[in-house]
Structures are given as structure tokens and as C-alpha cells.
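A closer look at the structure
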Amino acid sequence: RAIGGGALVDMKDGDIAVQVSLQGDAAPPSNPDAERTASLKIGVSVRNDGAVAHQVGIRLLLDMARGFEDAPQVALIAANARSVLATTTVFEGDGVPRALQIGDRFLVLRGLDQPAPERVVIGPLEPALASAFDFVVDETAGLGADVALAAFAEPIESKPGQDRSF
């Protein structure tokens, strides 16, 4: 069963138009005792509708709670190896992993038909919530009980009429 396809959020702040969309599917298992599988793609598009250039960046902040479990184990999956993350971690540029494992689920960050995030921060939720965009990252801080993932498209100059997708 397909979900989404349209804009989940369609808003405007001055000259800047923002649209967030969801696309996904949920396939019922052939065996009623099997776990359901689903995929969900989140897209963000920012457009400068003004007559002058603006600095525009995108941050997608996800609370990594799974059901009522606030602190699922977060693991980096790379080259057929799995390493559990215990402290706040920052990935940048080509270092952004293709996928992370959150509890028993996977979060794909690269390899889909949208640009990969330029930076990904995995850390405590509270500092990320306290800031509108960027926040101080303490890479010695433990992940704690409330983990977040912040994916960034860094600020760039957006000329009038220019779109940016993530």
C-alpha cells in the first residue's frame, strides 16, 4: 500500500517556500506471523520566491525513538561491519554513511535518488531542539536516553527562483 506522494508540509516564511513530502509503501507479509516491512522517504524542497538572494540551509531533525523505546542502539553499517555508536558522532561529506541501524531498523542516508546529506550528527536530542539550525556538538557526550539524528544541507546562497532539494 502506498502512502504520501503529496506535500506533508507546505509553508512560506517571507521569500522562502518550504515543502516537506513523504513517500512510502507498506507491504503486508505473506505469512501472518512475519513482521511487516515498510519504507519511508522524506523529501525537503526549499525555494527562494523573492527578488534577492538569501542564505538557505536545510536541517532535518529526527527523534530516534522507536515505539516507546527512547534509546535504541545506533550502529554504523560499513563494509560488512557493524559498529555501535556510544558517543555523539558527526559525519561530513563523503564520510556520511550509506546506512545506520537504529534498533532493528535501517536508516538509508545515501544511494537514493536525492542528494545525500552534507553532514549528519547523531547525539542527544535536547541541544538540537534548543537551536533553529546549527548547535554545539560535544563529541565526548554519550548518546543518552533521547537520541536524535540531524541531517544537514549546509547554507548556500539561493538566488531568486532557485530550488534546493534534500
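Just so you know, these numbers come straight off a predicted model, no measurement behind them.

Take the sheet that holds strand 5 (residues 74–78) next. Read across the open sheet, the four strands follow the order 6-5-8-9; overall the sheet is antiparallel. Two strands bound the open sheet, and with one partner strand each, they are strand 6 (81–84) and strand 9 (105–108). Adjacent strand axes in the sheet meet at a mean angle of 30° when their direction is disregarded. As paired strands, strand 5 and strand 6 are joined by four bridges and run antiparallel to one another. Along strand 6, the bridge assignment pairs isoleucine 77 with arginine 82.

Moving on: the side chain of threonine 89. Tracing the backbone through its elements, the reader meets threonine 89 in strand 7 (residues 89–92). What threonine 89 contacts, discounting residues up to four positions off in sequence, is Val120, Val121 and Ile122.

Position of isoleucine 102 among the secondary structure elements: in strand 8 (residues 99–102). What makes isoleucine 102 buried here is its relative accessible area of 8%. Spatially, the C-alpha atoms of isoleucine 102 and valine 84 are 9.9 Å apart, while their sequence positions differ by 18 residues. When residues no more than four places from it in sequence are discounted, the contact partners of isoleucine 102 are Met64, Pro72, Gln73, Val74 and Leu107.

Reading the values: the criteria
- Per-chain numbering applies: the sequence of each chain, read as written, is numbered from 1 onward.
- Two thresholds apply to this predicted model, a pLDDT of at least 70 for residue-level local features and 80 or more for giving and counting side-chain atom pairs, whereas whole-chain, interface and lining totals are computed over all residues.
- In computing side-chain properties, one takes all heavy atoms of the structure into account and sets aside hydrogens as well as water.
- We call two strands paired when DSSP finds no fewer than two bridges between them.
- In this text, helices come from DSSP runs of H or I with a minimum length of four residues, and strands from runs of E with a minimum of two, each type numbered from the N-terminal end.
- Angular values range over 0 to 180 degrees, each being the angle between N-to-C directions of two axes fitted as lines to C-alpha atoms, with helices fitted over their stretch in contact.
- Residue contacts are defined here by distance: any two heavy atoms, one from each residue, within 4.5 Å place the two residues in contact.
- Burial status follows relative accessibility: with a 1.4 Å probe on protein chains alone, a residue under 20% of its type maximum counts as buried, one over 50% as exposed, and anything between as partly exposed.

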